Amino acid sequence: MQAFTTIKSTAIPLPIEDVDTDQIIPARFLKATTREGFGENLFRDWRFDREGQPREDFVLNNPTYRGEILVAGKNFGCGSSREHAAWAIGDYGLRVVVSSFFADIFRGNALNNGLLPVVVSAEFLDQIFQAIEKDPGATFTVSLEEQYLQIDASGARDTFDIDPYKKNCLMKGYDDIDFLLSQRAEIEAYEKV
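Per-chain numbering applies: the sequence of each chain, read as written, is numbered from 1 onward. Per-residue local features of the predicted model are confined to residues with pLDDT of at least 70, and side-chain atom pairs are confined, for both listing and counting, to 80 or more; whole-chain, interface and lining totals are unaffected and use all residues. Water and hydrogen atoms play no part in the side-chain values, which are based on all heavy atoms of the structure.

With that settled, consider the side chain of T21. Starting at the N terminus, helices and strands are each numbered in turn, a helix being any DSSP run of H or I of at least four residues and a strand any DSSP run of E of at least two. Structurally, T21 is set in helix α1 (residues 21-24). In this structure T21 touches G77, C78, G79, S80, R82 and A85, once residues within four positions along its chain are discounted. We call two residues in contact whenever any of their non-hydrogen atoms come within 4.5 Å of each other.

Below, the structure is given as structure tokens:
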């Protein structure tokens, strides 16, 4: 996984509540066993019509909005436990998803796959959406080390919580196996005792 410290990026607004994992990556695209290639089908049924043509009114098809941050409505990632949802978001090129609430299983899957789910207050989420509406080129800073998200134009910030173990793994670019391997010397020393 790619190490994560600080990201400064524009953001893609998706002010829709209760986005479930089947909307993020429809079940018919879950046939692959590797993580690559899922990004092309991220929000497939919202991005494309039945003939496979891009829907002009969907935000990911609007060239105005780009960046490594997806800003979503409340209860993002609900529904089934498919890890492929986090794979699709990461494969698309997003590193951070911001919401006022995440489904627990999605949050865990995101953290396990190098994607940072940032929970902010509902009021701050509204401020973010307003900042993007005012200026689609607005930038945001996400500091994992200091655990804050900032609206750069105004300097307004909100802090977020993260499990210390997952924070350490993200900052070093480790998945759980990488972490265990990084502890090899300590494990071997313990076994000799």
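The subject of this paragraph is the sheet that holds strand β1 (residues 6-9). Strand pairing requires that DSSP identify at least two bridges connecting the strands. Strand order in the open sheet formed by four strands is β1-β6-β7-β8, with antiparallel pairing between adjacent strands. Looking at strand neighbours, the two that pair on one side only are β1 and β8 (157-159), the edges of this open sheet. Strand-to-strand, the axes of this sheet are offset by a mean angle of 10°, without reference to chain direction. Sitting on the sheet, helix α5 (residues 122-134) is in contact with β6 (140-143), β7 (148-151) and β8, with an inclination near 40° to β7. As a rule, the C-alpha atoms of each element are fitted with a line to give its axis, helices using only the stretch in contact, and angles between N-to-C directions run from 0 to 180 degrees.

What follows covers a nonpolar patch on the surface. Exposure above 30% relative accessible area and the absence of a salt bridge qualify a residue for a patch, where like charges join within 9 Å and nonpolar side chains (Val, Leu, Ile, Met, Phe, Trp, Tyr) within 5 Å. Here the accessible surface of atoms and residues is derived via Shrake-Rupley with a 1.4 Å probe, and residues count as covered only by protein chains that are part of the display. Any Lys or Arg side-chain nitrogen found within 4 Å of a carboxyl oxygen on Asp or Glu counts as a salt bridge. Residues I177, L180, L181 and I187 make up a contiguous nonpolar surface patch of roughly 380 Å² in combined accessible area. Looking at which element gives the most residues to the nonpolar patch, the answer is helix α7 (residues 176-182), with three residues. By secondary structure assignment, the location of L181 is in helix α7.

Purely geometric stuff here, so don't read any function into it on its own.
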